[in-house]
Every structure is written in structure tokens, then in C-alpha cells.
Amino acid sequence: MKRIGVFVCWCGTNIGGVVDVPQVAKAASSFPGVVLATDYKYMCSEPGQELIVQAIREHRLTRVVVAACTPRLHENTFRKTLERAGLNPYLLEIANIREQCAWAHQKQPGRATEKAISLVRRAVAKASRLEPLFASTIPVTRKALVIGGGIAGMQAALDIADAGHQVILVEREPTIGGKMAMLDKTFPTLDCSACICTPKMVAVAQHPSITLYTYAEVEKVEGYVGNFEVTIRQKARSVDHTKCTGCGTCWEKCPTRVPSEFEQGLGTRKAIYVSFPQAVPNKPVIDRRHCRYFAAGKCRVCEKVCPTGAIDYQQGDQLIKEKVGAIVMATGYDLFEWEKVYGEYGYGRYPNVITSLQFERLINASGPTGGKILRPSDGKEPQSVVFVKCVGSRDPAKGKEYCSRICCMYTAKHAHQVLEKLPGARVYVFYMDVRTAGKAYEEFYLRTLQDGAHYIRGRVSKIYPEGDRLIVRGVDTLLGRQVEVGADLVVLATAVVPSRGAAELARLVGISCDQNDFYTEAHPKLRPVEANTAGIFLAGACQGPKDIPDTVAQASAAAAKVCALFSREEMAAEPTVAQVNQFLCYGCLECQKVCPYRAIEPVTVSENAAGKKIERTVASVNSGLCQGCGACTVACKPGAINLKGFSNEQVLAEVDALCL
Amino acid sequence: MRETARQLLREREVGLVIGYAAGSEAYWVTPAFIKEEAQADRLVWNPFCVNSLAKYLINYHHEPYKVAVVVKGCDSRALVRLLQDNQVQREKVVVIGIPCLGVVDAKAAALKIAPGTRILGASVTDGEFLLQTESGTLSLPRGEALCAKCRYCENPTPVLADTLLAEEVAAEPAANIYAEVREVESWPREKRSAFWDGHFQRCLRCYACRNICPACTCRECVFDQTDPCWVAKAHNLSENTAFHLIRAMHVAGRCVDCGECERACPVNIPLRLLNQKVIKDIKELFGVSTPGSRLDEMPALGMFATEDPDEFN
């Protein structure tokens, strides 16, 4: 007979304020197999855990039920408690009487107590059928892949590499640096963005432990934590970088000019180009879509002028396979495409309505105007600049419901910069709220107000041209009246959205996204830098809008997680994986088709049937790949697949305990 | 058919031909397992060849020789089911397809045909089945005698065949295929519940529906397992209902709508109605065709596609 101990937690008043905890313990003491049922204020605390350890020893408990909060929070805590007392950690069952009971039924304490008792009965029924499970170990490849070479990816790569591990950094653009390299100054300190970003880019390129693939994309990810196999597509640069010296003759002579992505369309680049003078690597690629030779078959000017013969029009894409143990997602953000939905702001038809990222280029000393604020339509200095915040953010009707977090601060910075560079200019900021949660942020905003920026609380309903100016019509909700402001330049603070292709990449890598396609963290509070697939970590704006300090902090956190994983040669694998009863399996392999982790493979077994030796196909689970999701157990009609720790027998016992 | 069988056996193309032979009454046929050329004359084809022969193939899964099997359109879907479930290897089967104009419901025919009658030949016209017997030609009006499953036939011509023994028959547009399901759906819940309770109450739990089903090929069926005990052995409405619902869900997305379960049921439980409800729902949810109609379209519930609707996200 199993000797089960039941430990009911008050969680202070979280559970105890609603559920009659002593009564739950009393009821539990009569359940079959229960030899001890007791309660305590905070079971997860040191004395609470000690109580469990002592009880296991004193009452020779063989199974433990803890009725407390969700297992996502403290299952591991209590497993360790069992281990300390000498029990197998998987002989623990949690009854969630907080999230699924006390919190949900605060208004009905009596019925909540009844439900808590039922939940404990279920847990006891399962506990009596628990079997010890043993973690196996899997080897760890101590090499990390970082996807995305913006500030998040660079920081993560540098931190991991500095800890002594190999890092592969993949960036799809021709240069690393990401959005930060485009910015002029960073709030609230106003230090030059390039001055702190480009040294990092150089550090990445020069680090002996970092292998950099720019103009490359991750094409395929196979394997599992510690043992990923990644295929990287190195897109054809049409330039042999082993020969190229980056002298720049080719892009000087190239006859084709196209709008520059780096300049956000405000400047031009050539068809053979480096994105900006400080690009890393500082060697060009040919943009085949716009190159005259690739389009019309004639030109080859770059080939003629190249002193080293580095131009290679025949160069094809290359597939590179790498084995890595961990992956850091650092794919960053893009700006919401406001032109598609904001008709009242002109659908992008007015040249003097620009985004804040375009404004960054406009005010940047290395930008298309050399740092002079000149409006795009005629190159005149604007006398009146209007900033519109929350374009696409906090607008569930047309854009996104969420707050993009960074716009309040960079708009305050832009307002400050306009007032500084154009003395006498008027600056208006239309806002819904000013959110300045951050160290020295509020102070910065107040300084901008003191500089003379006019903050108008209200949304803008229309922007339309009048002569060579724009009229911005909005509402001032504090004065309760319509306002119209004449503007030479309008800057829209557009919402931050995940970078293009983020959702497809998530599917390829095997992690999930939220409804806005930001990558989902394993736990919003306790595991904010881990994806819900083991071995994959999140850094920066791909997980949600973030400013640079938060991005760098998260990147370093992700790197720390990677280093923890790499601290051992082998890691313990979760033993709660699926297992096939090959006798029952009839080889339909539906389990293989529904497995999202590609953890099931067919194997051939031999057996005797009616005196004859036959071979047949059955399913087999790769326990390294299996994440224990249970999809296969549901697909398996004869019930040949069991998830360890959630076996058919155990689950049926739970159902019986709850329903009979 | 006999000639095809003889030729396949003569040339050692196959070791066995599974077809139909005359049964003890005119309106019954029995499966025939022909291993020798000389026995091929036992094979028959007439409007009473209602039963599906595809599932017999799994008994020969491990034999070294190939097996030929006679299939109608609906049976060919069953064969696709077995192929998709890896219960039959395509390269070990020769499929003899018969485009079919509909078969006769044996229970309806039994009322019209005197015991001991022998059928010499048969033909099918638009309005009737014509049977040549020793005592003259007997006519069965199509409206009365046609099998329920043939009223709306999606695949009169087999979806899969190595040889076709007749001209292809085009499928009629089957708009009203789920009319009966819609009728039951329109009932209030109490009426539906009473309807099914009434039927399940009568279930003998003989498992004939399972045994004949081309989608039921487990080595050990869950209903035979005792540990865990999914369904108790007690014969009562509760356990009977559990049996029928589990059976319906185990073939959900896989049932090829061959109607064999309903034909095999000794107490006339309308099992096809239950299956069709599930087929209809899955078609509406996932936009798939009737299972078994296409070898390259896997069961809707047996796939993982990233485009699948994910209402939890």
C-alpha cells in the first residue's frame, strides 16, 4: 500500500482567505492511502519544506500531494524537497487550489472548499499510481546560435563568447548593427548612438569565438536542446569577401541608384553597396534586384573597376550546416505600416509626413542631410514641427492594442533636438498619455517641456496639405476643444511590431508567438528570457517592444541562461516523455504526423506470429526531442503511447476520482 | 472477373484473389479466397455484392505473395484507409476495380426473392435491378431495393485500381448527402438523446461493427483492454454509450463512409448516421474530402500543420 502525505498550503490569505484549509486537510486524511494530511501557512517557504521533509521521514511517506498554487510555479521546488528527503522527485502530485480554485471562486468560499477537496481527491488518486521516474542525460554542444545582429544579438553573442563559448551570429542584412545603428542619439543621456553601437559591431567581428554570417538566413532547425542542427543559407553577395578589401571603388562607380533602406528611403544607395560607412563587414554586396547586369545583362562596371577581382556574378547561395546547443532569438522589430491604414494622415502621400525612424536619419550627422533638419519636400528648414504619438499603438481599431513603450521617450528626445537645432521653431506633440517609467526618463521629459515643446493631450483626426504646409487637426482634451496646427513637418511615432518574417521563423525554429507575433516567453514573470521550447532563448524587441537598456539587459540575461546550459557537458532530460508500448502499436504512425517536435520515428521489430518470424513497423520516441506535450497519446487509438507521469492509468484514476 | 483472376494466378502475378462467390441464398454473396486458377469460376459479380473485401488484405500482410482484391468505389476508399494506416503495402496488392451502379440491400431483396432461387444473370437499368432466375426475370425497383449508402454515391468508380473491369461511372452531384444528419441535427436535444439512447440500449456489444471496420485495425482494441479499463464489460446504457462514442471518435476523420458497420449490426443501430455526422463536421471544420477519396490527403485529425486553426493562441 502506498503511504501518501497531503500538505495543504494557505498561501497566506491567497488560498486561506477563501478555502477552509484545515477542513481540506481533514477531508484528505480520509482518502485511500493517505496516512498524513496537514496544512501550513506557506508550504514553499523554508520551514514549510522542512515540514514535508520531516513528515516523509517520520511517517515513511512514499507519495506526496501538495495542494497549493499552480505546478508551473512550485512543482520544481517541491520535487527538490522530495529529493532532499530521499524520495524520487516524481512521486509528487500538485493540486492547484489557488489559480484554479481560491482565486477563481472568491465569492463562494463554501463551494470553493468543496472544490478544493475534490481537487485533492484527484491528486491523491493520481499520486497512488505515480511511479518513480529517472532523468536521463543528453550531451550538450557548447556552441550557440544567435539569430539577429542588432544590439540584442550582438550583446548576447559577446556575452556568450566572453564566457568562453563558440557563437554563430546570423544576420539577414548585409551588416550587423540593426536599428540602433540608424539612430542619432539615445535617450535620456543623449549620447551618440553610433558611438556606442559601432564599437560593439567591431568587437563582434573581431571576437575570436564569434563566427559572423551576414546576408544570411536560418533555413532549417532540427534537433533539440543541446543538440540542434541548423542550416544557414548564405545568400549570394556576388562579391568574394575573401578578396574584397572594401576599397569602395565599385560603389563609387556603380551607375544604379536606389532608395536606401538604411536611410529609410530619404537617401539613396548604389546597386552594389555597403549599408553605411561603418558597416560590419565593411564589404559590399550586389543587390541583384536592382543591378543593371542582373536585370539587363549589361554593365559589369564594378567588375571592371575592382582592383582585386572580387566581383563574382556567378556566386550562388551557400548552405552551411552547424551544430549548436542553444539558440538566442534576437530578431528585433520593424515599424507598423501606418501608410496602409491611416488614411486621415494621407496614406503616406505627403512627403512631409515621416516616421520617427526617418526623423532619426534626418537629424543624424551621417544621414542624407548631414544632420540638418530639412523637410523632404523642398529641403527647407521647418519652422513648425508636429509630433503625433501612438500611431498604430494603443489603437485596437486600426493598429495594435499594446503600448510600444519607446515612443514617449524618443518623441521627447526629438522635440528637444528640434528646439536645440532650430532656435525659434515651434514644436507640438499630440499625445494620449506620457509614459516615462525608467531611470532619469521623467526628468528628461520635464526638460523638454521646459525647452518649450507644446504638449497637446489628444489624438490627431486629420492631416491635410494647405499650400506648402500641412494642417494638423486634432482635439485638445484638456481644454475640450478642437485645435488646428500648421506644420512644416509631421513626425509619426509609429508602433513597434515584430520584424518581418518573425512568425515564419518561429515556426521554423519551433517556438510560439502571441497574437501580435511577438515571441512568447516560457513564463511572463519567472522565465522571461526563455522560449517555451527548451534551449531557445529570447532577447530584445522580438519578445515585446523594448528600449535599448532593457534590450541589452535581456540579451545579457539570455546569454547567462545559455552559459548555464553550457556549464555542463551533459544535461538532465525531463523524464516526462512519451513511451510506446510496441506490443500494442500497430504502426499507423499517426503519432508521427501529429508530433510538433518530430520526435517519433518508425522502427522495425521482429517477432514470432503463428510460428513464423515476421517484421513489422512500430513507432518509437526519441526522448531527447520529445517535449512531453502528449499530442501523440491522444492520436494513438489503441492507447499504445503513454506519457510518463501522465499515463492512461493515472489520468483515468484522476477522472474517476473527480467524476464518480 | 474470372478471366482476370485466372490470368493473375496463371502468371503467378498474385498468390491469392479475394472476390465474391455465391452464398447460400440468392441475395447473399460470400467472400471467396481463390488460390488456384481452376477455382476462379466460383467468382461472381452481381448487385448483391455489397460487402467490402478490402479488410481481408491485412490477414495477408506478412505473406510473401501479392494479393488481388475486388473493390467497388466505396471499398476502394477502405483500401486507401488501410494504405494510409500502413496496414497494407501498395506494392503487394493488385486492385481489381469494378465501377458500380449501386448494390441491393439484402434485407429488402429477401422479401422479394423466394428461398432457394438461383441467380443466373443480372443487369441494372435506371429504374430497376433485373435478375435472371430459373423461373424467369425478376425485377426489383431501384427505389425500394437500393442500398441506403448507394443513394448518394461519391465514388461509383474506384478511386484506386490497377485494372477496371467496366467503363467508368460518373459520380452524380451529391448535394444532399447529409440530409439525414441534418434532419437529426434539427431535433431538440431531448429528442436526439432519446433517439440514440433507444438505439444504444439495444446494442449487444458484439463488436461486429468494429470487426468489419476498415479503420479498426489495432492489434488490441481498447475495448478488449482491461488495464486500463476504458469501458467496463457491463452491458448497460452507460457503458454501451461510452463504447459507441469512443468507437465513433476513434474513426473520426478516418471513417470512409462505407457503411459496413451498419450492415453488420445485428440489431440495426444506425451507425452510419453517427459516422456521417462526424464526417460532415470534420469536412466543415477542415475543408477535407470524404476520408479515403484521396491517397495523398491524410486524415484531418492525424496531421499537424502550422496553418491549423489555433483558437487557444
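Residues numbered from 1 in each chain as written. Chains lettered and ligands numbered in written order. Predicted model: local features only at pLDDT ≥ 70, side-chain atom pairs only at ≥ 80, totals over all residues.

Caption draft 1: Looking closely at the overall build of chain B. Scanning chain B from N- to C-terminus turns up 10 helices and eight strands. Its C-alpha atoms give chain B a radius of gyration of 20 Å, within 12% of the compact-globule value 20 Å for 313 residues. In chain B, which comprises 313 residues, the proportion classed as buried is 39%. Summarising the internal contacts of chain B: among those between residues at least 6 apart in sequence, 68% fall at separations of at least 24. (Helix = DSSP H or I, 4+ residues; strand = E, 2+ residues; numbered from the N terminus. Rg over C-alpha atoms; globule rule 2.2 N^0.38 Å. Buried ≥ 20, exposed ≤ 12 C-beta atoms within 10 Å, placed from the backbone. Contact = placed C-beta atoms within 7 Å.)

Caption draft 2: How the structure looks around the sheet that holds strand β2 (residues 34-40) of chain A. All names here are of chain A. Sheet architecture is open: four strands sit in the order β2-β1-β3-β4, paired in parallel fashion. Bordering the open sheet on either side are β2 and β4 (92-96), each of which pairs with just one other strand. Each strand of the sheet is rotated relative to its neighbour by a mean of 15°, with strand direction disregarded. Judged from the five bridges that link them, strand β3 (residues 63-68) and β4 form a sheet pairing that is parallel. Note that in β4 the partner of V64 across the bridge is L92. (Pairing = 2+ DSSP bridges. Axes fitted to C-alpha atoms, helices over the stretch in contact; angles between N-to-C directions.)

Caption draft 3: Examining the interface of chain A and chain B more closely. On the side of chain B, 18 residues touch chain A, which itself brings 22 residues to the contact. Going through the elements one at a time, α17 (590-594), β35 (612-621) and α19 (648-659) of chain A are the ones with two or more residues in the side of chain A that touches chain B. Residues that form the side of chain A that touches chain B fall into these classes: 12 nonpolar, five polar and five charged. (Nonpolar A, V, L, I, M, F, W, Y, C, P; charged D, E, K, R; others polar.)

Caption draft 4: Main features of the confidence of the model for chain B. When pLDDT is averaged across chain B, the result is 90; 97% of the residues are at 70 or more. Across the predicted assembly, pTM comes out at 0.71 and ipTM at 0.87. (pLDDT = per-residue confidence, 0-100.)

Caption draft 5: Spatial organisation of the domain arrangement of chain B. All names here are of chain B. The assigned domain composition of chain B is domain 1 (2-164) and domain 2 (179-302). The gap between the C-alpha centroids of domain 1 and domain 2 is 25 Å. Of the residues belonging to the side of domain 1 that touches domain 2, the class tally is 10 nonpolar, four polar and seven charged. (Domains from an automatic or database assignment.)

Caption draft 6: Representation of the sheet that holds strand β25 (residues 469-476) of chain A within the structure. Residue and element names in this part refer to chain A. An order of β24-β25-β26 is seen for the three strands of this open sheet, with the pairing classed as antiparallel. A single partner strand is all that each edge strand has here, and the edge strands are β24 (460-466) and β26 (481-487). For this sheet the average axis-to-axis angle between neighbouring strands, irrespective of direction, equals 20°. As defined by bridge partners, β25 adjoins β26 across seven bridges and the pair is classed as antiparallel.

Caption draft 7: Molecular detail of the nonpolar core. One finds V328 of chain A together with V69 of chain B to be the most contacted residues of the largest nonpolar core, which totals 234 residues. With eight residues, helix α7 (residues 151-162) of chain A is the largest single contributor of residues to this core. Setting aside residues up to four positions removed in sequence, V69 of chain B forms contacts with I18, L53, A54, L57, V93, V95 and I96 of chain B. Formed by 50 residues, the second largest nonpolar core is a distinct cluster that contains W10, L61, V65 and A112 of chain A. (Core = buried A, V, L, I, M, F, W, Y, C linked by C-beta atoms within 7 Å.)

Caption draft 8: Just the pairing of strand β5 (residues 119-124) of chain B, in detail. All names here are of chain B. As judged from the five bridges shared by β5 and strand β6 (residues 128-133), these two strands associate in the antiparallel manner. Residue pairing for β6: S123 is matched across the bridge by L130. Linking β5 to β6, which pair antiparallel, is a turn of three residues.

Caption draft 9: Summary view of the packing of helix α6 (residues 109-127) of chain A against α19 of chain A. Residue and element names in this part refer to chain A. Across the interface, α6 lies against α19 with an axial gap of 8 Å and an inter-helix angle of 150°. It follows from the interaxial angle that α6 and α19 lie roughly antiparallel. Classified by chirality, the crossing of α19 by α6 is right-handed. Between α6 and α19, the residues in contact are S118, R121, R122, A125 and K126 and Q650, A653, E654, D656, A657 and L658, respectively. (Parallel < 35°, antiparallel > 145°, perpendicular 65-115°, else oblique. Left-handed = near helix turned anticlockwise from the far one by under 90°.)

Caption draft 10: Up close: the domain arrangement of chain A. Residues and elements named next belong to chain A. Domains assigned within chain A are domain 1 (4-127), domain 2 (143-235 + 317-332 + 499-565), domain 3 (249-305), domain 4 (334-497) and domain 5 (578-643). Summarising the inter-unit geometry, the C-alpha centres of domain 3 and domain 4 are found 32 Å apart. Counting residues at the interface gives six residues for domain 3, matched by eight residues for domain 4. When the residues that make up the side of domain 3 that touches domain 4 are grouped by side-chain class, the tally is three nonpolar, two polar and one charged.

Caption draft 11: Just unusual backbone geometry, in detail. At the junction of V280 of chain A and P281 of chain A, the peptide bond is cis and its omega measures out at 0° in the coordinates. Looking along the chain, the bond that leaves D227 of chain B and enters P228 of chain B is cis, with omega of 5°. Turning to its location among the elements, P228 of chain B is positioned in the loop between α7 (208-212) and α8 (237-250). A positive phi angle, near 50°, is found at C11 of chain A, a position not held by glycine. Summarising the element assignment, C11 of chain A is placed in the loop between β1 (4-9) and α1 (13-16).

Caption draft 12: Spotlight on the packing of helix α6 (residues 189-202) of chain B against α8 of chain B. All names here are of chain B. Where α6 contacts α8, the two axes come as close as 9 Å, and the packing angle between them is 100°. Classified by the angle between their axes, α6 and α8 sit roughly perpendicular to one another. On α8, the residues that touch D197, F200 and Q201 of α6 are L237, N240, T241 and H244. Residues belonging to the contact of α6 with α8 are distributed by class as follows: two nonpolar, four polar and one charged.

Caption draft 13: Helix α12 (residues 356-363) of chain A, seen in detail. All names here are of chain A. Burial analysis of α12 places eight of its eight residues in the buried class, the great majority of the element. All of the buried residues in α12 are S356, L357, Q358, F359, E360, R361, L362 and I363. Structurally, α12 contributes buried residues whose contacts are with β19 (333-335), β20 (353-355), α13 (407-421) and β27 (489-494).

Caption draft 14: Just the environment of R272 of chain B, in detail. For R272 of chain B, the position within the fold is in helix α10 (residues 271-286). Each C-alpha atom of the pair R272 of chain B and Q89 of chain B lies 28 Å from the other, and the pair is 183 residues apart in sequence.

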